[in-house]
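Overview (structure and organization)
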Amino acid sequence: MTDKVSRRQLAKIAGVSAAAMTGALDAVEAKPAALPRNGNGFPAGFVWGTATSSYQVEGAVKEDGRGASIWDKFVRIPGKIEDGTTGDRANEHYHRYKEDIALIKELGCKAYRFSVAWPRVFPDGDGKPNPKGLDFYNRLVDELLKNGIEPWLTLYHWDLPQSLEDRFGGWRSTETCKIFGDYAAYVAEHLTDRVKNVFTLNESGRFVYFGYGIGIDAPGLTLPQADVNQIRHNSALAHGLAVQAVRAHGRRGTKVGPAENIDACAPAIDTPENVRAAEIALREMNAGYLNVIMTGRYTDAFLKYAGPNAPKFTDAELKIISSPVDFLGLNIYAPQNYVVASDQGGFMPLPIPKSFPRMNSDWLRVGPETIYWVPKLAAKIWKTDAIYISENGASGDDVVRPDGKIYDTDRIMYLRNYLAQLQRATTEGVPVRGYFLWSLMDNFEWVYGLNKRFGLYHVNFDTQVRTPKLSASFYRNVIATNAAGA
Ligand code: BG6
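Residues numbered from 1 in each chain as written. Predicted model: local features only at pLDDT ≥ 70, side-chain atom pairs only at ≥ 80, totals over all residues. Heavy atoms only, no water.

What follows deals with the overall build of the protein. Helices and strands together make up the secondary structure of the protein, namely 18 helices and 13 strands. On C-alpha atoms alone, the protein measures out to a radius of gyration of 21 Å, which is about the 23 Å that the 2.2 N^0.38 rule sets for 486 residues. The burial tally for the protein puts 63% of its 486 residues in the buried class. Of the accessible surface of the protein, which amounts to about 17900 Å², a share of 53% is contributed by carbon and sulfur atoms. (Helix = DSSP H or I, 4+ residues; strand = E, 2+ residues; numbered from the N terminus. Rg over C-alpha atoms; globule rule 2.2 N^0.38 Å. Buried < 20%, exposed > 50% of the residue type's maximum accessible area, 1.4 Å probe, protein only. Areas by Shrake-Rupley, 256 points an atom, 1.4 Å probe, with all protein chains shown as cover.)

Pasting the structure below:
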């Protein structure tokens, strides 16, 4: 586990009815206060949502013509998934999506971030589309809209078609980037009559390094750093091609942007020098993906540091990579670097003590101010006027008590503190326009299998019963009051 923490850090550097569930929710909460609060909450129109991803919740991996993804293969390698589980069944969301949408509605969310499983739509990644695969997303989107919930679609949340890995080496090849562009065009063409916001790739910062560098995510490879840097470049290129595809094939006005686990840097102590240091750190620590997307160039410091391992690229590629986006999606969970000013390179990341507080995952340090500083500095560096927190949330112990309830006061503590800091940011005018809580419900947490729970709703994976945790009531109150609360 400790091993996993340092790995995650390293990656950064380089069947019950909805009505029954509703009853349970009511039982543990006071009625929300009247809305909205004037001058003492989030801006009017702030987008409140929850998030999931295809492989983590859908299950039904062999149904209706879905092709295999790299995760279907990876989870079968002995020892790769902590509890030996797979996403074969997961939350059975493919069949239970209506029930799950009722849960979203119950929270009062007006937005839901989900991802399309590429191999459902194109079983081989390219070639002939599978209409039954697309139909699922048509049904999902229609049901969301019917319930007054805006669909926010992610094109890629790590379930690469296995066929592309087999034929081209997956993200090692720019062929995969081009095919991703075609897939993005197809999705945009068929869904943006109803889907107004599209995220390109989820967390290049993780899937590239974990998947191709240290082998703990699919496809499980351990390639040299030069290859990893090239693959990261390819992921940025894929992002740019997807942006262009959405512009060319989507309905006019469709908005598109990345959803990146930004390497989160914050000043260790709030002084002007350290804030400046954190700004430099944020740019440089994100030079391999976000910065090149937003500026069209790799920084000198990045290229110098990478040396012979630097990615090979052309000006034409940089132009595609930096195709203008409509928003910046930031996944912010834990502080990665507390920095102070330094004469050497402008910043110095401080070592993080072992005793730093964490949630129920070794990597998930609790640093609420991160969600204040990172958007604030990101808006300044990259001059964006629309930031969405595309993910934030926490794992918890989540014991079901004899009364059948889950009193996850630890998650509430985490959320309350992060949201208070986010509100601090919006109050100062930082252009954060929305927030997607990870996750709607417990799901298949990658390498941890079903061992880690991030949901607002507890899922019993034997019975598929969803039960609202106390944090669901908390979040419902936040949304209803449009404020973080005290
Ligand atoms: C984010 C991912 O990195 O964190 C999610 O986008 C993931 O898909 C979440 O579930 C929690 O990560 P982990 O590694 O604890 O499962």
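For the rest of this paragraph, the subject is the packing of helix H9 (residues 174–191) against helix H11 (residues 225–249). The geometry of H9 relative to H11 is characterised by a closest axis approach of 8 Å and an angle of 30° between their N-to-C directions. Looking at the two axes, H9 sits roughly parallel to H11. H11 is crossed by H9, and the crossing has right-handed handedness. Residue-level contacts link Thr-174, Cys-177, Lys-178, Phe-180, Gly-181, Ala-184, Ala-185, Ala-188 and Glu-189 of H9 to Asn-234, Leu-237, Ala-238, Leu-241, Ala-242, Ala-245, Val-246 and His-249 of H11. Its residues assigned to classes, the contact of H9 with H11 comprises eleven nonpolar, four polar and two charged. (Axes fitted to C-alpha atoms, helices over the stretch in contact; angles between N-to-C directions. Parallel < 35°, antiparallel > 145°, perpendicular 65-115°, else oblique. Left-handed = near helix turned anticlockwise from the far one by under 90°. Contact = heavy atoms within 4.5 Å. Nonpolar A, V, L, I, M, F, W, Y, C, P; charged D, E, K, R; others polar.)

A few words on the UniProt feature "binding site: substrate" (unreviewed entry) in the protein. The UniProt record marks Gln-56, His-157, Asn-202, Tyr-333, Trp-438, Glu-445 and Trp-446 with the feature "binding site: substrate" (unreviewed entry), using the residue numbering of this structure. With respect to the secondary-structure elements, Gln-56 resides in helix H3 (residues 54–57). Among the residues examined, Gln-56 registers a relative accessible area of 0% and is labelled buried. Not counting the four nearest positions on each side in its chain, Gln-56 is found in contact with Ala-90, Asn-91, His-157, Trp-438, Asn-443, Phe-444, Glu-445 and Trp-446. Among the polar contacts listed, one links the side chain of Gln-56 to the side chain of Ser-53, at a separation of 2.9 Å. With respect to the helices and strands, the residue Trp-446 is situated in the loop between strand E11 (432–438) and strand E12 (457–460). What Trp-446 contacts, discounting residues up to four positions off in sequence, is Ser-53, Tyr-55, Gln-56, Trp-71, Ile-81, His-157, Trp-158 and Arg-206. (UniProt positions renumbered as here; feature names shortened; annotations may be inferred. Polar contact = N/O pair within 3.5 Å; in protein donor to acceptor, adjacent residues only side chain to side chain.)

Moving on, we get to the side chain of Gln-464. Secondary-structure assignment places Gln-464 in the loop between E12 and strand E13 (465–468). Accessibility expressed as a relative area gives 0% for Gln-464, which makes it buried. A polar contact is formed between the side chain of Gln-464 and the backbone oxygen of Ala-90, at a distance of 2.8 Å. In terms of polar contacts, Gln-464 uses its side chain to reach the side chain of Arg-466, at 2.6 Å.

Inspection of the entire model under this criterion finds 27 salt bridges. Measuring nitrogen to oxygen at the nearest pair gives 3.7 Å for the salt bridge that ties Arg-96 to Glu-99. Of this pair, Arg-96 and Glu-99 both sit in helix H5 (residues 93–107), three residues apart, which is roughly one turn of the helix. Residue Asp-398 pairs with Lys-469 through a salt bridge whose shortest N-O separation is 2.7 Å. Linking Asp-398 in the loop between strand E10 (387–392) and helix H17 (409–427) with Lys-469 in the loop between E13 and helix H18 (470–481), this pair joins segments that are 71 residues apart in sequence. (Salt bridge = Lys/Arg side-chain N within 4 Å of Asp/Glu carboxyl O.)

Before going further, it helps to spend a moment on the packing of H17 against H18. Two elements in contact, H17 and H18, have axes separated by 8 Å at closest approach and are oriented at 25°. One finds that H17 runs roughly parallel with respect to H18. Seen along the crossing, H17 lies across H18 with a hand that is right-handed. In this structure, H17 uses Thr-409, Arg-411, Ile-412, Leu-415, Arg-416 and Leu-419 to contact H18, whose residues at the interface are Leu-470, Ser-471, Phe-474 and Val-478. Here the residues of the contact of H17 with H18 are counted per class, giving six nonpolar, two polar and two charged.

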